[in-house]
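Structure assessment
Residues per chain, in single letters:
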Amino acid sequence: MDTKRCVACKEEILKDALKCKHCLQIQTKAANLQNKPAFNYLLIVLLGAFIIWIAYYIVSISMKEPLEPAFEISSSALNVTMGDEKLNVRCIGDITNPTFKRWSDFSLQAIFKNADGKVIDVLYAEPDVTIYPRFSFKGIVSGEGSAAEYEYHTCELSVINADDY
Ligand SMILES: [Zn+2]
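Rules used in this analysis
- Residues numbered from 1 in each chain as written.
- Predicted model: local features only at pLDDT ≥ 70, side-chain atom pairs only at ≥ 80, totals over all residues.
- Heavy atoms only, no water.
- Helix = DSSP H or I, 4+ residues; strand = E, 2+ residues; numbered from the N terminus.
- Buried < 20%, exposed > 50% of the residue type's maximum accessible area, 1.4 Å probe, protein only.
- Contact = heavy atoms within 4.5 Å.
- Areas by Shrake-Rupley, 256 points an atom, 1.4 Å probe, with all protein chains shown as cover.
- Pairing = 2+ DSSP bridges.
- Axes fitted to C-alpha atoms, helices over the stretch in contact; angles between N-to-C directions.
- Core = buried A, V, L, I, M, F, W, Y, C linked by side-chain atoms within 4.5 Å.
- Donors = N, O, S within 2.8 Å, 3.2 Å for Na, K, Ca; no water.
- Tetrahedral: all angles 85-135°; square planar, octahedral: opposite > 155°, others 65-115°.
- Polar contact = N/O pair within 3.5 Å; in protein donor to acceptor, adjacent residues only side chain to side chain.
- Phe/Tyr/Trp six-rings, centres within 6.5 Å; stacked < 30°, edge-to-face > 60°.
- Lys NZ or Arg CZ within 6 Å of the ring centre and 35° of its normal.

Moving on to the overall build of the protein. Looking only at helices and strands, one finds two helices and eleven strands in the protein. Its helices and strands taken in sequence order, the protein reads β-β-α-α-β-β-β-β-β-β-β-β-β from the N to the C terminus. When the 165 residues of the protein are sorted by exposure, 26% land in the buried category. Residue pairs in contact within the protein that sit at least 24 positions apart in sequence constitute 59% of those at least 6 positions apart. When the accessible surface of the protein is split by element, carbon and sulfur atoms take 57% of a total near 11,400 Å².

As structure tokens, this is what we get:
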């Protein structure tokens, strides 16, 4: 009768056996592979690399970064409209979070300037959003303008008082 050796315990078993009668090991190619030392070492190395990567990710998330470089803000667009005897001024820009952290509870500041670069109004907004890592959102600050419509020339959007968690 044709026999072979068990992939696990190396006892002699029938060639067609799907399971070893000595150690109950399933006789598959995968099982055979698992019993090769090289395969085990590769598995350990991959597992080690994976654990190191997870640890690095957790550390990078938990590290505090200074606020200043934490956001990228596209050139802000100014919008001025007249409504109900009031001048509505609006500053809109795309705010991107280039970090690996989530940011929340922040304020947006918009500085409105005239053609000479003189500050006319400074308005704030507190958007109830969380900016997830690598994501961006449209930041809008709007309010009542204090100067004449023609005075408004540019606006600059920035993020202030952000908390990361
Ligand atoms: Zn066996």
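So, about unusual backbone geometry. Glycine aside, a negative phi is what most residues show, and trans is what most peptide bonds show. For Lys10, which is not glycine, the phi torsion reads 70° and is therefore positive. Mapping Lys10 onto the fold places it in the loop between strand 1 (3-5) and strand 2 (12-14). Assessed through its relative accessible area of 45%, Lys10 is described here as partly exposed. Residue Arg134 is not a glycine yet carries a positive backbone phi of 70°. Tracing the sequence through the fold places Arg134 in the loop between strand 8 (119-125) and strand 9 (136-144).

This brings us to the sheet that holds strand 8. Spatially, three strands are ordered 8-7-10 in an open sheet, and the strand pairing comes out antiparallel. Two strands in the sheet have a free side with no partner beyond their single neighbour: strand 8 and strand 10 (154-160). Strand after strand, the sheet turns through a mean of 20° between neighbouring axes, direction not considered. Direction of pairing for strand 7 (residues 107-113) relative to strand 8: antiparallel, over a ladder of six bridges. Paired with Ala110 across the strands is Leu123, a residue of strand 8.

Attention now moves to the nonpolar core. One finds Ile95, Leu108, Phe112 and Val141 to be the most contacted residues of the largest nonpolar core, which totals 19 residues. If you list the elements that add at least two residues to this core, you get strand 5 (86-96), strand 7, strand 8, strand 9 and strand 10. Here the element with the most residues in this core is strand 5; it accounts for four residues.

In this structure, Cys6 (SG), Cys9 (SG), Cys20 (SG) and Cys23 (SG) serve as the protein donors to the zinc ion, at separations of 2.2 to 2.4 Å. Given four donor atoms and angles of 103 to 116° at the metal, the environment of the zinc ion is assigned as tetrahedral. Sequence positions of the donors to the zinc ion reduce to the motif C-x2-C-x10-C-x2-C. Of the two residues, Cys9 sits in the loop between strand 1 and strand 2 while Cys20 sits in the loop between strand 2 and helix 1 (29-34), which places them eleven residues apart along the sequence. Accessibility expressed as a relative area gives 31% for Cys9, which makes it partly exposed.

By secondary structure assignment, the location of Thr99 is in the loop between strand 5 and strand 6 (103-104). Polar side-chain contacts of Thr99 include one of 3.1 Å to the side chain of Trp103.

Further remarks concern the packing of aromatic side chains. All chains considered together, the criterion is met by seven aromatic pairs. Each ring, one from Phe71 and one from Phe106, has its centre 6.2 Å from the other, and the planes form 45°; the classification is tilted. Residue Phe71 is located in the loop between helix 2 (37-62) and strand 3 (72-73), and its partner Phe106 is located in the loop between strand 6 and strand 7; the two are separated by 35 residues in the primary sequence. In this structure, Phe71 and Phe106 share a single accessibility class: buried. With 6.0 Å between their ring centres and 80° between their planes, Phe112 and Tyr152 make a pair best called edge-to-face. A residue pair is termed long-range when its members are at least 10 positions apart, and Phe112 in strand 7 and Tyr152 in the loop between strand 9 and strand 10 qualify at 40 residues. Each member of the pair, Phe112 as well as Tyr152, is classed as buried. Among the aromatic residues, those joined into a cluster by ring pairs are Phe50, Trp53, Tyr57 and Phe100. Geometry around Phe100 places Arg134 over its ring, the cationic atom sitting 4.5 Å from the centre.

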